[in-house]
Number of protein chains: 2
Amino acid sequence: MKFEAATIKDIAKALGLSVSTVSRALRDSYEISEATKKRVRDYARQINYRPNPVALSLKEKRTLSIGVVVAEIANTFFSQVINGIESIASKKGYNVIISQTKESYEREEQILEYLTSRSIDGLIISVSSETEDFSRLEALHSKGLPIVFFDRVVDEIKTHKVITDNLSGVYEATRHLIRNKYKRIAAIANSPTLFITKERLEGYKKALEEHNMIYNPALVKYCAHGGLEPEEVRRVLSELLAEKQKPDALVLLSDKITTETLRILKEKNIQVPNEIGIIGFSNSDYTSMMSPSVSIIRQRAFEMGEISATLLFSLVESKRKVTDFELVSLAPEVIIRESSQK
Amino acid sequence: MKFEAATIKDIAKALGLSVSTVSRALRDSYEISEATKKRVRDYARQINYRPNPVALSLKEKRTLSIGVVVAEIANTFFSQVINGIESIASKKGYNVIISQTKESYEREEQILEYLTSRSIDGLIISVSSETEDFSRLEALHSKGLPIVFFDRVVDEIKTHKVITDNLSGVYEATRHLIRNKYKRIAAIANSPTLFITKERLEGYKKALEEHNMIYNPALVKYCAHGGLEPEEVRRVLSELLAEKQKPDALVLLSDKITTETLRILKEKNIQVPNEIGIIGFSNSDYTSMMSPSVSIIRQRAFEMGEISATLLFSLVESKRKVTDFELVSLAPEVIIRESSQK
DNA sequence: TTGTACGCGTTATCAG
DNA sequence: CTGATAACGCGTACAA
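In the nomenclature of an unreviewed UniProt entry, chain A corresponds to LacI family DNA-binding transcriptional regulator from the organism Niabella digestorum.

So this is what it looks like as structure tokens:
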């Protein structure tokens, strides 16, 4: 069944005017008499006329839509970012088209292929953990599609980027564990190919080095799909706990990994913070309500969305080619609670 | 700056053909010679030609986009529903345009006004808690816009609806509290105007009646904005705790209210489940990891999204006017944990 | 003050 | 086999 709506032509016919007169009357052009304007406006209201945005888009070569690509919508961090993006976009009169990669490069390719064939005016993206080939993004970017990266940014592509100051966040978190007498601090990270993974691990290493603790690669584990595959966190956690000298603390380097780890520790009845100390990325309010309450590195997700959207619109609305790009780095909140203090 | 892409016309010019020939060649029409087809296809690939979806939309009177309207994206329940919707939509080759009402009728009006001026082929909506006037939705619906309601459905409008079996969920939850010797069971609900609020309270009343407990209106409180306004949950909770005979258990009738209540109880250091028993709607995995773990009524959110989307596409793709509508009622999972058993 | 014609990108129809 | 033209809905330069 089709959804039919009135057009300018319908109004013109009904009122015995030409379409251009109607068009001008509706846009309140000075060339149209008040009498005609009134007739047109009254009739338009009566039949509830709305201009067809598709026709406008075709004409103006813009869609008033932006695309947002994230790994998973139902992830607190991403949904908060989307919240921020939507808040700005709706004020600007733009639609927000959401897609999720589920951490798959293939899906990401499909989405980009699909979205960017001119159905969006700009793109805000956090790449999937599998993505290592940025050529399609690069191609789109060099063709003039405005792109803003957030969270999982692509170093090679020169455009606006909004990230958390991952290094200091993790540095601070790790340092805190060290000061609380944890001796064997392990890290569970997202895919090693992600830029943010590298940054976060830098923070971890920096804290260890500054406190003369040796960096032991055996204590660093990766989840290629950021914990989205059900068993990957469980596997690396088992590996860690099976070490001869098993770790006494964990730094969890992504939201999903934090959630999964907490679930597994609870299930295995491992005592936090005594048996193992925990601090990790999380944007869930529930971490404060748990017992023990969970120490977290909290990203300014809503703000990140707002800033990303604002930067994107500055690109979209810019008349000239922008060559000066911003790298916005937001300080995370490192919130110390019970899970990291024995 | 604009994002320019190649068109059929560019190909035609470059190859010295007419646009119609190029169009047909690309669509592999039988009337075109293999040689020409090959030339066109090769060149199209070379310049990375993609048909302009906006032009297609104008011609075909469809946008391959659906609109999704929820109260708040960053709410676990809604983000899980959106996840389900997106999963189906992406398979069907549809874009998902997301908007949030933030529980405001005014915003909902704006969104509908905007979205439905032919930029979407169908709408999936859970109305805002403020919405009492459904005339715009009704108008859109009777004009032929396919609509599917989920969660907060509109009784008056005849179309597909997907809901949780709210009554039995709450009935079962309340009965469970009664069987666990709770005597003064209060309920905190979303706006009294919402259909689901009525249903949920029916479940509450039914359980009380069946166990010969008197229904005391003083023990039922409402949050007009579903807990989105920061202080509303705190206020009603204070009122309840100030009752001469204060309640010894709470049934929390929406996700947001459950989260807020748990936060406040923790803050006030009120002992759960002894001082007060808790069971409430929640779709957050964290409820299982809290201490005490929280008993919940869990909606099948992802599934609800999948079903809503499937039903919507059946409407969108239907050739004739559909008059036979489904009301899908999904059984919630009532998960009994520690917070409701003293 | 109002109307005609064109173009945005595409496909369908009709001509050749 | 290929090309010209109309149409989708709109806004605007140009004509009247």
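Picking up where we left off.
A. The arrangement of the sheet that holds strand S7 (residues 220-222) of chain A in detail. Residues and elements named next belong to chain A. Strand order in this open sheet of six strands is S7-S6-S8-S9-S10-S12, and the pairing throughout is mixed. The open sheet has two free edges, formed respectively by S7 and strand S12 (333-335), since each of these has just one partner strand. Within this sheet the neighbouring strands show an average axis-to-axis angle of 15°, counted without direction. Here strand S8 (residues 249-252) pairs with strand S9 (residues 277-281) via four bridges, running parallel. Paired with Val251 across the strands is Ile279, a residue of S9.

B. Focus on the packing of helix H5 (residues 76-92) of chain A against helix H12 (residues 301-317) of chain A. Residues and elements named next belong to chain A. The contact between H5 and H12 brings their axes to 7 Å, and the two run at 40°. Regarding the angle of H5 to H12, the classification is oblique. By crossing handedness, the relation of H5 to H12 is classed as right-handed. Touching Phe77, Gln80, Val81, Asn83, Gly84, Ile85, Ser87, Ile88, Ala89 and Lys92 of H5 are Ala301, Phe302, Met304, Gly305, Glu306, Ala309, Thr310, Phe313 and Glu317, all from H12. Per-class residue counts for the contact of H5 with H12 are ten nonpolar, six polar and three charged.

C. Up close: the UniProt feature "domain: HTH lacI-type" (unreviewed entry) in chain A. Residues annotated by UniProt as "domain: HTH lacI-type" (unreviewed entry) correspond here to residues 6-60 of chain A. Across residues 6-60 of chain A, helical content stands at 67% and strand content at 0%; the span's end C-alpha atoms are separated by 21 Å.

D. Region of interest: the sheet that holds strand S12 (residues 333-335) of chain B. Residues and elements named next belong to chain B. The strand order S7-S6-S8-S9-S10-S12 describes an open sheet built from six strands, whose pairing is mixed. The sheet is open, and its two borders are formed by strand S7 (220-222) and S12, each paired with just one other strand. Taken pair by pair, the neighbouring strands of this sheet meet at an average axis angle of 15°, ignoring direction. Sheet topology note: the strand S6 (residues 185-189)/strand S8 (residues 249-252) ladder contains four bridges and is parallel. Paired with Ile188 across the two strands is Leu252, which belongs to S8. Set on the sheet, helix H9 (residues 195-210) makes contact with S6, S7, S8 and strand S9 (277-281); between it and S6 the angle comes to about 170°.

E. Spatial organisation of helix H12 (residues 301-317) of chain B. Compared with the 24 Å implied by 1.5 Å per residue over 17 residues, the 24 Å span of H12(B) between its first and last C-alpha is a close match. Among the residues of H12(B), B:Ala301, B:Met304, B:Gly305, B:Ser308, B:Ala309, B:Leu311, B:Leu312, B:Phe313, B:Leu315 and B:Val316 are the ones counted as buried.

Reading guide: rules and limits
Residues numbered from 1 in each chain as written. Chains lettered and ligands numbered in written order. Predicted model: local features only at pLDDT ≥ 70, side-chain atom pairs only at ≥ 80, totals over all residues. Heavy atoms only, no water. Pairing = 2+ DSSP bridges. Helix = DSSP H or I, 4+ residues; strand = E, 2+ residues; numbered from the N terminus. Axes fitted to C-alpha atoms, helices over the stretch in contact; angles between N-to-C directions. Parallel < 35°, antiparallel > 145°, perpendicular 65-115°, else oblique. Left-handed = near helix turned anticlockwise from the far one by under 90°. Contact = heavy atoms within 4.5 Å. Nonpolar A, V, L, I, M, F, W, Y, C, P; charged D, E, K, R; others polar. UniProt positions renumbered as here; feature names shortened; annotations may be inferred. Expected span 1.5 Å × (residues − 1). Buried < 20%, exposed > 50% of the residue type's maximum accessible area, 1.4 Å probe, protein only.

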